[in-house]
Amino acid sequence: MSTIHWTETNSLRSAHWHSESATPPPSRVIDADDRMKADTAHRLACEGTALLWRGDFHNARQLLQAMSRRIDRRPPRQGDSPAESFHLHRRARSHRARVLGRLLVLLDEDHCLNLRRAPDVRQACTEAYGPPSEPMAVSLTELLGVIGAHQWRTKGVEVPALDARIHPHYGVFSPVRGEYVDLVAHAPLPTPTGHRAGRRTAFDLGTGTGVLAAVLARRGIDHIVATDISPRALTCARENVRRLHFTGRIDVVGPGLFPDGRADLVVCNPPWIPARPTSAVEQGVYDPGSSMLRSFLDGLTAHLQPGGEGWLILSDLAERLGLRTSSELLAGIEAAGLHVVDRIDTRPRHPRARDTADPLHAARTTEVTSLWRLAGN
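Rules of the game
- Along each chain, residues carry numbers from 1 onward, in the same order as the chain's sequence is written.
- Where totals are concerned, whole chains, interfaces and linings use all residues; where local detail is concerned, this predicted model gives features only for residues with pLDDT of at least 70, and gives and counts side-chain atom pairs only at 80 or more.
- Where side-chain values are given, they derive from all heavy atoms of the structure, hydrogens and water being excluded.
- Note on conventions: DSSP H or I runs of at least 4 residues are helices, E runs of at least 2 residues are strands, and numbering of each starts at the N terminus.
- With C-alpha atoms as the basis for the radius of gyration, the globule rule is written as 2.2 Å multiplied by the number of residues raised to the power 0.38.
- Accessible area is worked out with a 1.4 Å probe on protein chains only. A residue is then buried under 20% of its type maximum, exposed over 50%, and partly exposed in between.
- Here, two residues are considered to be in contact whenever any of their heavy atoms come within 4.5 Å of each other.
- Here the accessible surface of atoms and residues is derived via Shrake-Rupley with a 1.4 Å probe, and residues count as covered only by protein chains that are part of the display.
- Asp and Glu count as negative and Lys and Arg as positive, but His and the ends of the chain are not part of the count.
- For the purpose of locating charges, the reference atoms are NZ of Lys, CZ of Arg, CG of Asp and CD of Glu.
- Pairing between two strands requires that DSSP report at least two bridges joining them.
- Here a polar contact is recorded for every N or O atom pair within 3.5 Å, except that within protein the pair must consist of a potential hydrogen donor and a potential acceptor, and residues adjacent in sequence are included only if both atoms are side-chain atoms.
- To define axes, lines are fitted to C-alpha atoms, for helices over the stretch in contact only, and angles between the resulting N-to-C directions are given on a 0 to 180 degree scale.
- Here, a disulfide means two cysteine sulfur atoms that sit within 2.5 Å of each other.
- For Phe, Tyr and Trp, rings pair up if their centres lie within 6.5 Å, where Trp contributes its six-membered ring, and each pair is then called stacked (planes under 30 degrees apart), edge-to-face (over 60) or tilted (otherwise).
- The rule for a charge over a ring is simple: NZ of Lys or CZ of Arg within 6 Å of the ring centre, and within 35 degrees of the ring normal.

K.L.:
How should the overall build of the protein be read in this particular structure?
P.N.:
Secondary structure summary: the protein contains 12 helices and 15 strands in total. The C-alpha radius of gyration of the protein comes to 23 Å, within 12% of the 21 Å expected for a compact globule of 377 residues. Each principal axis of the C-alpha atoms in the protein carries an extent, and together these give about 80 × 50 × 35 Å. Out of the 377 residues in the protein, the part that is buried amounts to 51%. Contacts in the protein between residues at least 24 apart in sequence constitute 67% of all its contacts with a sequence separation of at least 6. Element-wise, carbon and sulfur atoms account for 49% of the exposed surface of the protein, whose accessible area totals about 18,000 Å². Between the mean site of the 47 positive side-chain charges and the mean site of the 42 negative ones, the protein shows a separation of 4 Å.

K.L.:
Please explain the pairing of strand S15 (residues 369-376) as it appears in this structure.
P.N.:
Each regular strand carries side chains that alternate between the two faces of the sheet. Counting buried residues along S15, 7 of its 8 residues qualify, which places the element largely inside the surrounding structure. Pairing geometry for strand S13 (residues 304-315) and S15, over 6 bridges, is antiparallel. In the sheet register, Leu314 faces S15, and the bridge partner there is Ser370. Two strands pair when backbone bridges link them, and strand S14 (residues 338-346) and S15 are joined in this way by 8 bridges, in the antiparallel orientation. Counterpart to Ile344 in the pairing with S15 is Leu371.

K.L.:
I keep staring at the side chain of Ser315 and nothing clicks. Help me out?
P.N.:
Mapping Ser315 onto the fold places it in strand S13. Among the polar contacts listed, one links the side chain of Ser315 to the backbone nitrogen of Leu317, at a separation of 2.9 Å. Of note is the side chain of Ser315, whose polar atom sits 2.6 Å from the side chain of Glu367. If near-sequence neighbours (up to four positions away) are discounted, Ser315 is found in contact with Trp272, Arg324, Glu367, Val368 and Thr369.

K.L.:
When you look at the sheet that holds S13 in this model, what are you seeing that I'm missing?
P.N.:
Sheets are built from strands that pair by backbone hydrogen bonding, the pairs being arranged parallel or antiparallel. Read from one edge to the other, the open sheet built from 7 strands follows the order S11-S10-S9-S12-S13-S15-S14, with strand pairing classed as mixed. The open sheet is flanked by strand S11 (250-253) and S14, the only strands paired with a single partner. On average, each strand axis in the sheet is inclined to that of its neighbour by 20°, with strand direction left out of account. Packing against the sheet, helix H9 (residues 291-300) makes contact with strand S9 (201-205), strand S12 (263-268), S13, S14 and S15, and its axis sits at approximately 165° to S13.

K.L.:
How do you make sense of the state of the cysteines when you look at a structure like this?
P.N.:
A covalent bond between the sulfur atoms of two cysteines is referred to as a disulfide. Under the definition given, this model contains 0 disulfides. Looking at the unpaired Cys112, the closest cysteine sulfur is the one in Cys125, lying at 9.7 Å.

K.L.:
Would you take a moment to explain the sheet that holds strand S1 (residues 3-8) for this structure?
P.N.:
Taking strand neighbours across the sheet as the criterion, the 6 strands line up as S1-S2-S6-S5-S4-S3 in an open arrangement whose pairing is mixed. Edge positions in the open sheet fall to S1 and strand S3 (29-32), since each of these has one partner strand only. The mean inter-strand angle of the sheet, taken between neighbouring strand axes irrespective of direction, is 40°. Across 6 bridges, the pairing between S1 and strand S2 (residues 11-17) is antiparallel. If you follow Ile4 over to S2, its bridge partner there is Ala15. Against the sheet, helix H2 (residues 57-72) touches strand S4 (50-53) and strand S5 (103-107), its axis set at about 155° to S4.

K.L.:
For this particular structure, what's the right way to read the packing of aromatic side chains?
P.N.:
The description of an aromatic ring pair uses the distance of the two centres, along with the angle that the planes make with each other. Applying the stated criterion to the full structure yields 0 aromatic pairs. Across the ring face of Tyr286, the terminal group of Arg90 is positioned such that the distance to the ring centre comes to 3.9 Å. One Lys or Arg, Arg343, reaches over the ring of Trp372 and ends 5.1 Å from the middle of that ring.

K.L.:
Sorry, what's going on with the pairing of strand S6 (residues 136-139) here?
P.N.:
Every second residue of S6 is oriented toward a common face, with Met136 and Val138 on one face and Ala137 and Ser139 on the other, all of them buried. By the bridge criterion, 2 bridges tie S2 to S6 in an arrangement that is parallel. Residue pairing across strands places Trp17 opposite Ala137, the latter belonging to S6. Here S5 pairs with S6 via 4 bridges, running antiparallel. Each residue of the ladder has a partner; that of Leu104, found in S6, is Ser139.

Here you go:
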């Protein structure tokens, strides 16, 4: 178990260290309060010293913002290629996360944040971390993410294709990019043949919140098996299936990618960028070595009913950033014994596509999200 140590009022203290991104515990920790200047905090954090905040909660948030502004004074340079710009951007984001992650707070044994003007974070922390058991130190940036996730979970995300809300959990990718949901909501469904005519089955691989499984149920698929490798996602998907009253038609199983058996339709929306995630939430965006994409393609024919289809929902942002080529994707499809029945394209509508300050703006403005309809040869 990882532990941090610090001295406070001439006494040596310690607490359990927790990091969702698996950041090692800081080796040097000092206590800090409202007297700490932003320049001093930024310098200490850059040098590797963690600051355990003992002052006012709102002042801690303001200090975090001030430290962030100091980091932004040195924006990452543009690379000579889109791929180099992407890697420089990721390196800068990693540096930012390390520095800002050195402002810490202490949660009591009941997950209470004992700071002036602090919100009640007990429910949010229990949802993210599980039942409390002992004092725990976390970065303020992580705690703010936990608080934000609790608000998303409570409020939910409106999904027009369902005419309902999906409630994401902490660490589970939220369906805020609606274009991929709309693709699944409108693509033509395969028709079962022979003795299976009239009854349709589907697998939703990497279900996350369960949103695509719910869309397929809403479209009339009789039975859907939804899978994920993340225990958090499995819990989240099951809760959303219950909320939407699809428990009789959607089974959520895992951890794993493919369930047993075959289906008329196998849907997969893998992470779009072949790079290493640095946190739980980033696992919905980054797929190291395109491993999930390759596993889907390689296992698809063995899990399709005769006449069935596999739907691959994928952005071409990786191609536009020079991280993967379109020929590599087509070669992977062919090597798996598949052919393309059709490809349905759409343009992203998320705010980052219009953010000219985004270092990856040039690639995002031309990004296309596609639903590839695949079948066995």
